[in-house]
Structure formats: C-alpha cells, structure tokens
Amino acid sequence: MRRRTAADLDACVDLLRAVHDRDGYPVNWPGRPAEWLTPPSPLAAWVAEANGRIAGHVGLARSGAGDLAPVLWSDRARVPVEHTAVVGRLFVSPAARGLGLGALLLARAVRDARERGLHPVLDVLAHDTAAVALYEREGWRLLDTVDQRWSATRTVTVHCFAAPA
C-alpha cells in the first residue's frame, strides 16, 4: 500500500470502471472520474497493489456538502464538524477480493485521520451490503440510516458510520 500519485489516476479510473461494471459502484458513473476520485477537500488517498497492479483505492477528505455522517457524529460527540474526516472512494478490484485489501485500505485511512486529530466517518448506500459488512466487521458504529435526496427524482437510503473510538 502506498500514497496515490497523479500518475496513478488513469489506472484508478480503469479499476473504478471495472468495479462499476461489476458492482454498480459508484451508482452514477461520474462524467470526470479522475476528478471524482479527488473530492473538493482532499486530505490524502492511497492505493493497494497486487501482482504489480493497482488493486484498490481509498481516499480521506474534509466534510463536504451532502456528507451526513460528519454532522451526525459531531452532534453526538458535541464537537465541531471540522473534527471529522470522511473516508470515501473505497473500492477493490473484483479479481483481488478476499485478500483483505478493503480492510487494509480502510485501516490506513483511519490511521491517517487519527494522526491528524480527526475522527473518521463515512456514508454508504444501504444496498451496498458488502461495504456495510466490511465496516461492521471492522467495528464501525452505525450512527443512523437516512434518506438522502440526490436529485428532484431520486432519493437513496444511506447508512452513516463512525469509526470505533
């Protein structure tokens, strides 16, 4: 595992396409996938390699518009939302699943957030049962399940999680 570089973005986009085609993540294919992999307030991103190829990705960012978990956690912890970091853009190659890369990437993002004095949180679509199972296995706490309006015609159900204390 290592920090993602700009030179990795094309390979990450190719991997994201494979994940999208297989699993439907992300639900809406971004018009500019390389930009989607780098949200507006990025803190860091990492890639995992297997057999010399990028096999997984995770990012860590500041809270942005529409992120529900940071608000829920900050309300419960009674601290400003600025004390959170959002884990996102976590995906693993279908060919590399079962190697524990998802858990390793998640742990790396959590470690970085904690080193920054931030509490890691995330939002995940309720129907993404594999991701939900990973977060639960790793001890993440469900903050709430909410409906989030993505557009005038689309509402999705989202689970909001916080990393264990």
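Residues numbered from 1 in each chain as written. Predicted model: local features only at pLDDT ≥ 70, side-chain atom pairs only at ≥ 80, totals over all residues. Heavy atoms only, no water.

(A) Structural detail: the sheet that holds strand E3 (residues 53-61). Read from one edge to the other, the open sheet built from seven strands follows the order E1-E2-E3-E4-E5-E7-E6, with strand pairing classed as mixed. Each end of this open sheet is capped by a strand with a single partner; those strands are strand E1 (2-3) and strand E6 (141-151). Sheet topology places E3 next to strand E4 (residues 84-92); five bridges connect them, and they run antiparallel. From the neighbouring strand, Gly 59 faces E4, where its bridge partner is Gly 88. Each of E4, strand E5 (119-125), E6 and strand E7 (154-162) touches helix H3 (residues 69-77); the most contacted strand, E6, lies at about 140 degrees to it. Running at roughly 160 degrees to E4, helix H4 (residues 101-115) makes contact with E1, strand E2 (42-50), E3, E4 and E5 of the sheet. (Pairing = 2+ DSSP bridges. Helix = DSSP H or I, 4+ residues; strand = E, 2+ residues; numbered from the N terminus. Contact = heavy atoms within 4.5 Å. Axes fitted to C-alpha atoms, helices over the stretch in contact; angles between N-to-C directions.)

(B) Structural detail: the packing of aromatic side chains. Enumeration over the complete set of coordinates arrives at four aromatic pairs. Residues Tyr 25 and Trp 36 carry aromatic rings whose centres are separated by 5.8 Å and whose planes lie at 65 degrees to one another, so their mutual orientation is edge-to-face. Of this pair, Tyr 25 sits in the loop between helix H1 (9-23) and helix H2 (33-36) while Trp 36 sits in helix H2; the two residues are 11 residues apart in sequence, bridging distant segments of the chain. Looking at Arg 17, its charged tip hangs above the ring of Trp 29, at a distance of 4.0 Å from the centre. (Phe/Tyr/Trp six-rings, centres within 6.5 Å; stacked < 30°, edge-to-face > 60°. Lys NZ or Arg CZ within 6 Å of the ring centre and 35° of its normal.)

(C) Focus on the environment of Trp 140. Along the polypeptide, Trp 140 turns up in the loop between helix H5 (129-137) and E6. With 96 residues separating them along the chain, Trp 140 and Ala 44 place their C-alpha atoms 21 Å apart. For Trp 140, the contacting residues outside a window of four places in its chain are Val 87, Leu 106, Val 110, Pro 120, Val 121, Leu 122, Tyr 135, Phe 161, Ala 162, Ala 163 and Pro 164.

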